[in-house]
Amino acid sequence: MRNVDDLDSDLDLDQDNSNLHGIAMNATTCKSTRFMEQAMRLAQEAFDTGDVPVGAVIVHAPTGTVVSEARNEKEYRYDPTAHAEILAIRAACDNRQSPRLQDCDMYVTLEPCAMCATAISLARVRRLYFAAYDPKGGGVDHGPRIFQQPTCHHTPEVIGGIMEEAASGILKAFFQGKR
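Just so you know, these numbers come straight off a predicted model, no measurement behind them.

(A) Just the overall build of the protein, in detail. When helices and strands are counted, the protein shows 5 helices and 8 strands. If you list the helices and strands of the protein from N to C, you get β-β-β-α-β-β-α-α-β-α-β-β-α. The buried share among the 179 residues of the protein stands at 51%. Across the protein, every contact between residues at least 6 apart in sequence was considered, and the portion connecting residues at least 24 apart equals 57%.

Pasting the structure below:
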């Protein structure tokens, strides 16, 4: 597992140096931030409708085209499996008419739980980017660490911590409002 600070030229996206708010960033970081910002907008929609604020975006890596996007809809659908990642995977597979997303990357605002990490593995997602770490319910860097299990059939490249502060902030605000 890598952190956003580890992004460098070994990622196969365009590499150019740019400057964002005084911080030197390469094109990979800028693209990752753009898609994560889209996921954050979806998380805000979930927040606004009373669901845990998590958003997910799936991108066809070679073209940078968004294949699907989703937000948590557990409360809206009365469905405990309606996590943003699951809904985004279902939509992407349907759009592509394939159960595999091996040339796609997923951007999600919270470290996926064990259920979602398993679905990411089964869909063969190429790379997983997530914002906030989840020590309590995460299944990638915390908890069962699904991708490190010998029964895991596919392990995506994982990069955590993109826009972590913003994602953590919306989650904290949501749960403070519930107390």
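Next comes the rest of the write-up.
(B) Here's a closer look at the packing of helix H3 (residues 84–96) against helix H4 (residues 114–122). Where H3 contacts H4, the two axes come as close as 9 Å, and the packing angle between them is 20°. Between H3 and H4, the angle falls in the class roughly parallel. Considering only the axes of H3 and H4, their crossing is left-handed. On H4, the residues touching Glu 85, Ile 86 and Ile 89 of H3 are Met 115, Cys 116, Ala 119 and Ile 120.

(C) A look at helix H5 (residues 164–178). Between its first and last C-alpha, H5 extends 21 Å over 15 residues, near the 21 Å set by a 1.5 Å rise per residue. Turning to H5, its buried residues number three or more, namely Ala 167, Ser 168, Ile 170, Leu 171 and Phe 174. Buried residues of H5, seen end-on, are gathered within an arc of 165° and therefore sit on one face of the element. Summarising the geometry of H5, the exposed residues directed more than 90 degrees from the buried face are Glu 165, Lys 172, Gln 176 and Gly 177.

(D) Highlighting H4. Considered for burial, the residues of H4 that qualify are Cys 116, Ala 117, Ala 119, Ile 120 and Ser 121. Tucked inside the fold, the buried residues of H4 contact H3, strand E6 (104–110) and strand E7 (127–132). Positive backbone phi, approximately 65°, marks Arg 124, located one or two places after H4.

(E) Representation of the layout of surface pockets within the structure. Computed from the structure, the largest pocket encloses a volume of approximately 530 Å³. What lines the largest pocket is a set of 20 residues, among which Val 52, Leu 110, Asp 134, Leu 171 and Phe 175 lie closest to the centre. Of all the elements, H5 adds the most residues to the lining of the largest pocket, at 4 residues. A breakdown of the residues in the lining of the largest pocket according to their chemical character gives 10 nonpolar, 4 polar and 6 charged.

(F) Just the pattern of salt bridges, in detail. Counting across every chain of the model gives 5 salt bridges. For Glu 45, the salt bridge is made with Arg 71, and the minimal N-O distance between the two is 3.9 Å. Separated by 26 residues along the polypeptide, Glu 45 in helix H1 (residues 27–48) and Arg 71 in strand E5 (residues 65–71) bring together distant segments of the chain. The class for Glu 45 is partly exposed, based on a relative accessible area of 41%.

(G) View of the packing of aromatic side chains. All chains considered together, the criterion is met by 5 aromatic pairs. For the pair Phe 174 and Phe 175, a centre-to-centre distance of 5.1 Å together with 85° between the ring planes defines the contact as edge-to-face. For Phe 175, a relative accessible area of 37% puts it in the partly exposed group. Here the aromatic residues Phe 35, Tyr 107 and Tyr 129 are joined through ring pairs into a cluster of three or more. For Arg 34, the ring lying beneath its charged end belongs to Phe 35, and the centroid distance is 4.3 Å. Over the aromatic face of Tyr 76 sits the side chain of Arg 71, whose NZ or CZ is 5.9 Å from the ring centroid.

(H) Highlighting the confidence of the model for the protein. Per-residue pLDDT for the protein has a mean of 88; in total, 83% of the residues score no lower than 70. Confidence over residues 8–27 falls short of pLDDT 50; this stretch has 35 contacts with residues more than four positions distant or in other chains.

What counts, and where the lines are drawn
- Residues numbered from 1 in each chain as written.
- Predicted model: local features only at pLDDT ≥ 70, side-chain atom pairs only at ≥ 80, totals over all residues.
- Heavy atoms only, no water.
- Helix = DSSP H or I, 4+ residues; strand = E, 2+ residues; numbered from the N terminus.
- Buried < 20%, exposed > 50% of the residue type's maximum accessible area, 1.4 Å probe, protein only.
- Contact = heavy atoms within 4.5 Å.
- Axes fitted to C-alpha atoms, helices over the stretch in contact; angles between N-to-C directions.
- Parallel < 35°, antiparallel > 145°, perpendicular 65-115°, else oblique.
- Left-handed = near helix turned anticlockwise from the far one by under 90°.
- Expected span 1.5 Å × (residues − 1).
- Arc of directions from axis to C-beta.
- 1 Å grid on protein atoms, 1.4 Å probe; cavity = no way out; pocket = protein on both sides within 12 Å on 5 of 7 lines; lining within 4 Å.
- Points joined across faces, edges and corners; volume = space filled by probe spheres on them.
- Nonpolar A, V, L, I, M, F, W, Y, C, P; charged D, E, K, R; others polar.
- Salt bridge = Lys/Arg side-chain N within 4 Å of Asp/Glu carboxyl O.
- Phe/Tyr/Trp six-rings, centres within 6.5 Å; stacked < 30°, edge-to-face > 60°.
- Lys NZ or Arg CZ within 6 Å of the ring centre and 35° of its normal.
- pLDDT = per-residue confidence, 0-100.

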